[in-house]
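# Survey of secondary and tertiary structure
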Amino acid sequence: TYYGTGQLTWDNTNKINGGSAKISYSMPLATQWSTCFIKIPIGAVQAGKRYICKFDIVGTKPNRAIAARLALPSTNAPLTPEYKYYPYTNTGATTNEILFEPTSSATSTNLYLTLRDEDGTVYIDNVTFYEADVTKANPDDLLRFEYNATNNAKTIALNGTYLGLNSTVHSG
């Protein structure tokens, strides 16, 4: 279900591998903080479990973002602490995967995809939502930042193999 300014239509111009939902929207509603949102019923969720929402998106304007959250259908009370924001562009479709961890269980839940920019057109397709067996990684185990505040060369001892910003492998 679509709410807000503009309209939701089905588009067959192959923006995303065949047909996709096309949302054209403009200025925000005066009585609502978001420009527009799409409400998708997803069924039951359980606290303590993890879920992934995956979708493809492309827009007609650069540097935009879409927000997502889970909420109860009857009251719109959130089941996730905050919106999660994901950028999209006008240069080609991107696939977004969002990890949700509901704070409470519910027999009926809605996924809200919210567009907060002042205007634009986006195409969304291939929306899936499923329970996932996910182990969160510790960023400290995967990322290492080193900084040299001097004008002198600095040697950094590495205790493993790392991939640099330019995809160069560094070790030792």
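Refer to the preceding data block for the structure.
Residues numbered from 1 in each chain as written. Predicted model: local features only at pLDDT ≥ 70, side-chain atom pairs only at ≥ 80, totals over all residues. Heavy atoms only, no water.

## Remarks on unusual backbone geometry
In most cases, non-glycine residues show a negative phi, while peptide bonds are predominantly trans. Backbone geometry places N17, a non-glycine residue, at a positive phi of 20°. Following the sequence through the fold, N17 ends up in the loop between β2 (7-11) and β3 (20-25). (Helix = DSSP H or I, 4+ residues; strand = E, 2+ residues; numbered from the N terminus.)

## Re the layout of surface pockets
Space inside the largest pocket adds up to approximately 410 Å³. What lines the largest pocket is L142, L143, R144, F145, E146, I156, L158, Y162, L163, G164, L165 and H170. (1 Å grid on protein atoms, 1.4 Å probe; cavity = no way out; pocket = protein on both sides within 12 Å on 5 of 7 lines; lining within 4 Å. Points joined across faces, edges and corners; volume = space filled by probe spheres on them.)

## Side note on the side chain of D56
Inspection of the secondary structure puts D56 in strand β5 (residues 50-59). Among the polar contacts made by the side chain of D56, one reaches the side chain of N126 at a distance of 2.6 Å. Filtering out sequence-adjacent residues up to four positions away, D56 remains in contact with I16, T94, T95, Y123, I124, D125 and N126. (Polar contact = N/O pair within 3.5 Å; in protein donor to acceptor, adjacent residues only side chain to side chain. Contact = heavy atoms within 4.5 Å.)

## Section: the nonpolar core
One finds I23, F55, I66, F100, L115 and I124 to be the most contacted residues of the largest nonpolar core, which totals 25 residues. Those residues in contact with F100 that sit more than four places away from it in its chain are K49, R50, Y51, C53, A68, R69, L70, T80, K84, L111 and F129. (Core = buried A, V, L, I, M, F, W, Y, C linked by side-chain atoms within 4.5 Å. Buried < 20%, exposed > 50% of the residue type's maximum accessible area, 1.4 Å probe, protein only.)

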